[in-house]
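One letter stands for each residue in the lines below.
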Amino acid sequence: MTAFDWRRAAPDEVDRQYSPSRFARKPLDAHLADYAARSAGVDPATLLVPGRPLLVYVHGGYWQRLSAADSRFLADDARRRGVSLHAVDYTLAPAATIPRMVEECIVDVVAIAARLAPPRVVVAGCSAGAHLAAMCARDPRLAGRVHGYALLSGIYDLRPLVVTPTNDPLGLDDASAAAISPLLLAPETGGARVLCAAAEHDPPEFVRQNAEYADRLRAAGTRVDAVVVGGRDHFDLPYDLLDDRTEVGGWTLELLGGGAR
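Since this is a predicted model, take the numbers as computed values, not measurements. (Residues numbered from 1 in each chain as written. Predicted model: local features only at pLDDT ≥ 70, side-chain atom pairs only at ≥ 80, totals over all residues. Heavy atoms only, no water.)

Secondary structure summary: the protein chain contains eight helices and six strands in total. Its helices and strands in sequence order give the protein chain the pattern α-α-β-α-β-α-β-α-β-α-β-α-β-α, from N to C terminus. Scored against the burial criterion, the 261 residues of the protein chain give a buried share of 55%. At a minimum sequence separation of 6, the contacts of the protein chain that also span at least 24 residues come to 78%. (Helix = DSSP H or I, 4+ residues; strand = E, 2+ residues; numbered from the N terminus. Buried < 20%, exposed > 50% of the residue type's maximum accessible area, 1.4 Å probe, protein only. Contact = heavy atoms within 4.5 Å.)

In structure tokens form, the structure reads like this:
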């Protein structure tokens, strides 16, 4: 079978390969409703306990939808594990550029870590959130502050999106997309470990990019674990982050020191 080549493919086929909802096990609206239902009524202040290990979550939504209010669905797991949980809010496109989003995420992580003084910090992100987390990892302000990055179903080369409707509010061209593509930049994680995880029911292009980014980091000396998680799709993989029965949760909790007891 010939590998998919986004450079030669028709724009509608590129769009299909970069549309995770077309590969998911249930409709996108049902996934989004689950996020909202699991996050409803959660007081974010109760999830932030000074001195506890901290999981920072950067939401996805292709840089143009969702929010921190939709992203506290791990609240019960965090309380059970004795882990502080912080969901990052960042300005969405078209009101903000992706470089501005990256900067907002970095400033947010620095601030919450300074406020809580956690012994261990893991920054996790899914989809566009994984991209933002990978970009954050390159910034020296987070070196030594963050112990691990859990990158789920990420996109690390943004150039294929230029020909798709996803790009309409982003306004990227080939050059600006390349400039914010971790897969094309010098690998840097500030000494932190990295998990690159894709889902069995992710689009093949997401699985490919996951593997290629892990290989690039590994070649640069970063300690990387790369997995494709069975039985999960692009939208429910984040539920594993604090579940020690899963590969993703086991990795995250190990980096967090197992959580407070």
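Here the narrative resumes.
On to the layout of surface pockets, then. Roughly 410 Å³ of internal volume is contained in the largest pocket. In terms of residue count, the dominant contributor to the lining of the largest pocket is helix α2 (residues 28-39) (three residues). Taken together, the residues of the lining of the largest pocket break down into twelve nonpolar, ten polar and three charged. Here the second largest pocket is characterised by a volume of approximately 210 Å³. D77, R80, L242, D243 and R245 are, among the 13 residues lining the second largest pocket, the residues nearest its centre. In terms of residue count, helix α3 (residues 75-81) provides more of the lining of the second largest pocket than any other element does, four residues in total. Of the residues assigned to the lining of the second largest pocket, the class counts are four nonpolar, no polar and nine charged. (1 Å grid on protein atoms, 1.4 Å probe; cavity = no way out; pocket = protein on both sides within 12 Å on 5 of 7 lines; lining within 4 Å. Points joined across faces, edges and corners; volume = space filled by probe spheres on them. Nonpolar A, V, L, I, M, F, W, Y, C, P; charged D, E, K, R; others polar.)

Once that is clear, we can look at the nonpolar core. Ranked by size, the top nonpolar core spans 53 residues in total, and within it W63, I98, V123, L132, Y149, L151 and L158 carry the most contacts. For L151, the residues in contact, after removing those within four places along its chain, are G125, A130, A133, A134, Y156, V194, L195, C196, A197, N210 and Y213. (Core = buried A, V, L, I, M, F, W, Y, C linked by side-chain atoms within 4.5 Å.)

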